[in-house]
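# Structure assessment
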Protein chains: 2
Amino acid sequence: MPDQIDQAIIYARNHHSDFLSELKDFVSIPSVSTTPEYKQEMEKAAHKVAQMASSAGLENIQIYPTSGHPIVFGEWLHAKNQPTILIYGHYDVQPVDPVDLWETPPFQPSLRDQYFLGRGASDMKGQIVAVFAALQSIRHTTGSFPVNIKLMIEGEEEIGSPHLRTFIEDHRSMLSCDVSLNPDAGMIAPDLPTLVYALRGLVFFELKVFGPEHDLHSGVFGGVVHNPAQALCEIIASMHDENGRITIPGFYDHVRTLSLEEREELSRLPMGEDYYLQQTGAPQLWGEPDYTPVERIGARPTLEVNGLFSGFTGQGTKTVLPAYAMAKISCRIVADQEPDEIHRLLRHYLEQHIPSTVRWELNYFGGAPASITDPNHPAATAMKKALELVWKTRPLLKREGGSIPVVGDIQKILGADSVLTGFGLPDDRIHSPNERLHLPTWFKGIEALIAFFYLMKSNLQE
Amino acid sequence: MPDQIDQAIIYARNHHSDFLSELKDFVSIPSVSTTPEYKQEMEKAAHKVAQMASSAGLENIQIYPTSGHPIVFGEWLHAKNQPTILIYGHYDVQPVDPVDLWETPPFQPSLRDQYFLGRGASDMKGQIVAVFAALQSIRHTTGSFPVNIKLMIEGEEEIGSPHLRTFIEDHRSMLSCDVSLNPDAGMIAPDLPTLVYALRGLVFFELKVFGPEHDLHSGVFGGVVHNPAQALCEIIASMHDENGRITIPGFYDHVRTLSLEEREELSRLPMGEDYYLQQTGAPQLWGEPDYTPVERIGARPTLEVNGLFSGFTGQGTKTVLPAYAMAKISCRIVADQEPDEIHRLLRHYLEQHIPSTVRWELNYFGGAPASITDPNHPAATAMKKALELVWKTRPLLKREGGSIPVVGDIQKILGADSVLTGFGLPDDRIHSPNERLHLPTWFKGIEALIAFFYLMKSNLQE
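Residues numbered from 1 in each chain as written. Chains lettered and ligands numbered in written order. Predicted model: local features only at pLDDT ≥ 70, side-chain atom pairs only at ≥ 80, totals over all residues.

### Focus: the overall build of chain A
The line we're drawing: Put simply, DSSP marks the helices as runs of H or I at least four residues long and the strands as runs of E at least two long, and each gets a number from the N terminus on. All radius of gyration figures rest on C-alpha atoms, and the globule criterion is 2.2 Å times the number of residues raised to 0.38. The exposure label follows from counting other C-beta atoms within 10 Å of a residue's C-beta, where the C-beta atoms are placed from the backbone and the thresholds are 20 or more for buried and 12 or fewer for exposed, leaving partly exposed in between. C-beta atoms are first placed from the backbone for all residues, and any pair lying within 7 Å is then listed as a contact.
When you go through chain A residue by residue, the secondary structure sums to 15 helices and 18 strands. For chain A, whose C-alpha radius of gyration is 23 Å, the value lies close to the compact-globule estimate of 23 Å for 462 residues. Projected onto the principal axes, the alpha-carbon positions of chain A cover approximately 80 × 50 × 45 Å. Counting across all 462 residues of chain A, residues that qualify as buried make up 57%. Partitioning the contacts of chain A with sequence separation of at least 6, the portion at a separation of at least 24 is 80%.

### Remarks on the domain arrangement of chain A
Put simply, an interface is often sized by how much accessible area is lost when its parts join up. Residues and elements named next belong to chain A. This is how it is decided: In this document the domain limits rely on a domain assignment from an automatic tool or a database. Residue classes follow a fixed rule: Ala, Val, Leu, Ile, Met, Phe, Trp, Tyr, Cys and Pro count as nonpolar, while Asp, Glu, Lys and Arg count as charged, and any other residue, Gly among them, counts as polar.
Taken domain by domain, chain A comprises domain 1 (2-199 + 370-461) and domain 2 (202-255 + 301-368). Taken over C-alpha atoms, the centre of domain 1 sits 36 Å from the centre of domain 2. In terms of residue class, the side of domain 1 that touches domain 2 is made up of four nonpolar, four polar and no charged.

### A word on the relation of the copies chain B and chain A
For clarity, the cut-off: Copy-to-copy alignment: least squares on C-alpha atoms, limited to residues at pLDDT 70 or above in both.
Laying chain B over chain A is done by rotating through 180° and shifting 0.0 Å along the axis; what remains is an RMSD of 0.1 Å. The superposition of one copy onto the other is thereby described by a two-fold rotation axis.

### Digging into the interface of chain B and chain A
What counts is decided by this rule: A strand pair is defined by DSSP finding two or more bridges across the two strands.
With 82 residues of chain B at the contact, the number on the chain A side is 83 residues. With eight residues, strand β11 (residues 304-311) of chain B is the single largest residue contributor to the side of chain B that touches chain A. Broken down by class, the residue content of the side of chain B that touches chain A amounts to 33 nonpolar, 37 polar and twelve charged. Bridge count between strand β11 (residues 304-311) of chain A and β11(B): five bridges; the pairing is antiparallel. Paired with Ser310(A) across the two strands is Leu308(B), which belongs to β11(B).

### Some thoughts on the nonpolar core
Note the threshold: Take the buried Ala, Val, Leu, Ile, Met, Phe, Trp, Tyr and Cys residues, join any whose C-beta atoms are within 7 Å, and the set you get is a nonpolar core.
The biggest cluster of nonpolar side chains holds 253 residues, and the ones touching the most others in it are Ile450(A) and Ile450(B). In contact with Ile450(B), not counting residues within four places along its chain, are Ile5(B), Ala8(B), Ile9(B), Ala12(B), Ala134(B), Ser137(B) and Ile138(B).

### What to know about the sheet that holds strand β4 (residues 110-112) of chain A
Residue and element names in this part refer to chain A. Condition: Helix axes use the C-alpha atoms of the stretch in contact, all axes being lines fitted to C-alpha atoms, and the angles between their N-to-C directions lie in the range 0 to 180 degrees.
The strand order across the open sheet formed by three strands is β4-β5-β18, and the pairing between neighbours is antiparallel. Looking at strand neighbours, the two that pair on one side only are β4 and β18 (436-438), the edges of this open sheet. Going across the sheet, the axis of each strand differs from the next one's by a mean of 25°, ignoring polarity. The pairing of β4 with strand β5 (residues 115-117) spans three bridges and is antiparallel. Bridge pairing in β5 links Ser 110 to Leu 117.

### A word on the sheet that holds strand β4 (residues 110-112) of chain B
Residues and elements named next belong to chain B. Strand order in this open sheet of three strands is β4-β5-β18, and the pairing throughout is antiparallel. Because the sheet does not close on itself, it has two edges, and the strands there are β4 and β18 (436-438). In this sheet, neighbouring strand axes are inclined to one another by 25° on average, regardless of whether the strands run parallel or antiparallel. Most of the contacts of helix α4 (residues 121-142) go to β18, to which it runs at about 55°, and overall it touches β5 (115-117) and β18.

### Considering the pairing of β11(B)
Residue and element names in this part refer to chain B. Burial within β11 is extensive, with eight of its eight residues counted as buried. In this structure, β11 lies alongside strand β13 (residues 324-333), joined through six bridges in antiparallel fashion. Bridge pairing in β13 links Val 305 to Ile 329.

### Brief notes about the environment of Gly311(A)
Summarising the element assignment, Gly311(A) is placed in strand β11. Remark: the alpha-carbon pair of Gly311(A) and Ala323(A), spanning twelve residues in sequence, is separated by 7.5 Å. Discounting residues that sit within four places of it in the chain, Gly311(A) has contacts with Ala229(A), Val320(A), Pro322(A), Asn306(B), Gly307(B), Leu308(B) and Lys328(B).

### Digging into unusual backbone geometry
In this model, Asp97(A) is joined to Pro98(A) through a cis peptide bond whose omega is -5°. Within the secondary structure, Pro98(A) sits in the loop between β3 (84-90) and β4. Looking along the chain, the bond that leaves Asp123(B) and enters Met124(B) is cis, with omega of -15°. Positive phi outside glycine occurs at Arg429(B), with the angle close to 60°. Mapped onto the elements, Arg429(B) comes out in the loop between β17 (418-420) and β18. The exposure class assigned to Arg429(B) is buried, which follows from the 20 C-beta atoms found within 10 Å. In this structure, His431(B) takes a positive phi of about 70° despite not being glycine.

### Side note on the packing of helix α3 (residues 39-56) of chain B against α4(B)
Residues and elements named next belong to chain B. Our working rule: Angular relationships are summarised with four words: roughly parallel below 35 degrees, roughly antiparallel beyond 145, roughly perpendicular across 65 to 115, and oblique for the angles in between.
Close contact between α3 and α4 brings their axes to 8 Å; oriented N to C, the two are set at 20°. As far as their axial angle goes, α4 and α3 are roughly parallel. Residues Val 49, Met 52, Ala 53, Ser 55 and Ala 56 of α3 touch α4, and the partners they reach there are Ile 128, Phe 132, Leu 135, Gln 136 and Arg 139. Tallied by class, the residues present in the contact of α3 with α4 amount to seven nonpolar, two polar and one charged.

### Focus: the environment of Pro301(B)
Residues and elements named next belong to chain B. Summarising the element assignment, Pro 301 is placed in the loop between α11 (293-299) and β11. Since 22 C-beta atoms lie within 10 Å of it, Pro 301 is described here as buried. Sequence separation between Pro 301 and Gly 201 is 100 residues; the distance between their C-alpha atoms is 8.7 Å. Other than its neighbours up to four places away in sequence, Pro 301 contacts Val 255, Cys 331, Arg 332, Ile 333, Val 334 and Gln 337.

### A closer look at helix α12 (residues 339-353) of chain A
Every α-helix winds through 3.6 residues per turn, so residues three or four apart in the chain are directed the same way. All names here are of chain A. Stated formally: Given a helix with a known number of residues, its expected span is that number minus one, times 1.5 Å. Relevant arc is that of directions from the helix axis to the C-beta atoms, nothing else.
Between its first and last C-alpha atoms α12 spans 21 Å; for 15 residues at 1.5 Å apiece the expected length is 21 Å, and the two agree. Residues Pro 339, Ile 342 and Leu 346 constitute the buried set of α12. The buried residues of α12 occupy an angular sector of 60° when projected down its axis, which confines them to one face. Turned more than 90 degrees from where α12 packs its buried face, Asp 340, Glu 351 and Gln 352 sit exposed.

### What about the pairing of strand β8 (residues 194-199) of chain A?
All names here are of chain A. The buried fraction of β8 amounts to six of the six residues, a majority that puts the element mostly inside the structure. In the sheet, β8 pairs with strand β16 (residues 396-400) via five bridges, with the strands oriented parallel. Across the sheet, the residue bridging to Val 196 is Lys 398, located in β16. Here β8 runs beside strand β15 (residues 371-372); their pairing, made up of two bridges, is antiparallel. Within β15, the position partnered with Ala 198 by the bridge is Ile 372.

Spelled out as structure tokens, the structure:
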């Protein structure tokens, strides 16, 4: 078995340029799921996934349409008495604005030093290509796979996966598996392989505040109507106290308390104040003083303003009293908060606190609950071993601040836990201009995935 | 004299369609002063003003370049021993956004019912054309003007007239006059002619708040850095108390107190709560409870958010923790507040109150002080008589909420008071989509201007 792993790894090392070329083609497709005009590009990206799955040796590849963007399925089921691993991924990417801050065009990927640059390079087209690279390396070495493989790659992760749950529900038997591999989590540093055991959930809103019927002259009417931009600022400001704690009554009611043991484990992560200052470039850290940065990100919910708009925002000045103001707001939630409950609490708070001098409207875009999985699950153990084999160091356990809604859905509907890893780094600038992928880490990641698939077999046999 | 007035008025009535055609040509020029790409259109508008001045019978017409947009001058100085009136106006207009709310293209003027539609129709291209129409009607009736006329039409009023003060200082003798006529004020209702005796001043700012060095993933980093959009909302919210009073220390220190007599005079204006509810379409009025709406607009300062921008504002959602947030802020100030003092107070407040978890930057775009003129000035008396002659009702006296910085400059530099009137209406939607001009009022306004020029003569002779 170690021989087979070694051989597949040698194959992978000999094919780095092929893998890079595949990644380049994939990242070149502007598969921005939230922007309606990219609909055709989304189709193109789905077909690219199907082609890569086929080249890697998967069978029965199908592109399932949804009323949003399609889902790509594939499988290889010839490993008798071996576990079945459902590989999850997403081929959609975040929008690229502010586009003028990109140093290279976001969809014309390029290499610079040890980095591959482009939107989606790290989140998560690079991770998908790494999986296919690992499968292809195994397949070319042994002619088959050590375990059974299923593949489910969606195109709507960045917009909250609105059609994935229904798809999983409608295809329970097709997707049935022993465990899911989700490579959409990241690493802490190039030399610190990481296994993620908890994820935050997510709830999306858009709050619109309406004042006068149309934009007014700020001289002729300023002083007698409540400026909706000001009213919006007032309500947003009121939702945090001076310690960064959310003031919405009931917001923290179902937040699972961190155990002392867990806090101790998390304190081993090399991510203190300095780390976050360096990663963010913020002048100072902020947030609930009773929790460390790692705890605030992994185990505490947030209420974040993602966007603000009102009135005149061009160059120069305009003396307008705007008719409306808008905020995009989202909450990262933790176990055991529920999206619908957060929506209910927020709406109730707005009803109580937005004054009758303005009108308002809250759009709820849905969300996904947080998830926690057992770090001693057999697949988690296999992944820890695989990571240790490649990196020669014991992997860290981490609670992730991001959200991967599918983890909860797969657990609920298919009864399968997920093993979460990934080979992106914190300074990959995912969701931001100049997203990038650290190639030395990525190449190691391919090798770890090769080892993982083999170890999943031995794992059951031991 | 009344005969001459009548004859000129008859001429005007016979030439309505000519005046409308002139207005249509003028409004068709997109002379938006704040937008650099309209520079050529600004030149075109200045030339149009020069052409209209010439047609009306003025002489020595010149277009003076500035380092911004040009100023148009003209004169007629053949009325011996008669007063000289300096007519002020501006040919620039406000931007048209949000452009999708316009029912007709803003620079393709059209007629609908009793209205002339287009950007600048009311503010103030219509008022300029009314002056030229009155002059032309007098000139064609009597072959000369009853008083001396000077003309100064600028192209930067909507951006705070940055070059006008220097121009006036540099051309004191050319512009010397007994009084200035400023038709950039409006009427309260079609049947209520109005003379304005006070104006608010204006100060412009742009506040930028910076958090992380670049946009961050709201999951990976949410909870440890101060969201700059939230920080901006917090500081904006803090600048008003629950009674709509501005909290910046010292802000009200130099506000001139309203006398009891003045409050009584202002209370005669038919502009109560219902009026402002109807004009604005706001669900409810707002503002300092100790002052009536008319007092709040005419005699109390404001701090208004004119624009907000941060992060993602497109369709759908984006889980970004934005790197920066921006607000356009302006204050309407009253006698005896000074723009530079307001700037100093605001900056000091921000220094004291914006936390060190974010960086910030305040851009000061300058401003203009408020002004008050004596309602019993001879030219004001002539205008009151002229308005009464046409409307058959005693004009109202009003404090205007808007700002016309030139009034203070002309007073300070040329030693001349201004008589302020105008034939726009409160529901003309100036600065907003679907700006319009009420034609029956406009036609009456032309007649009142005819009477005013004649009465200025008799006024001195009486």
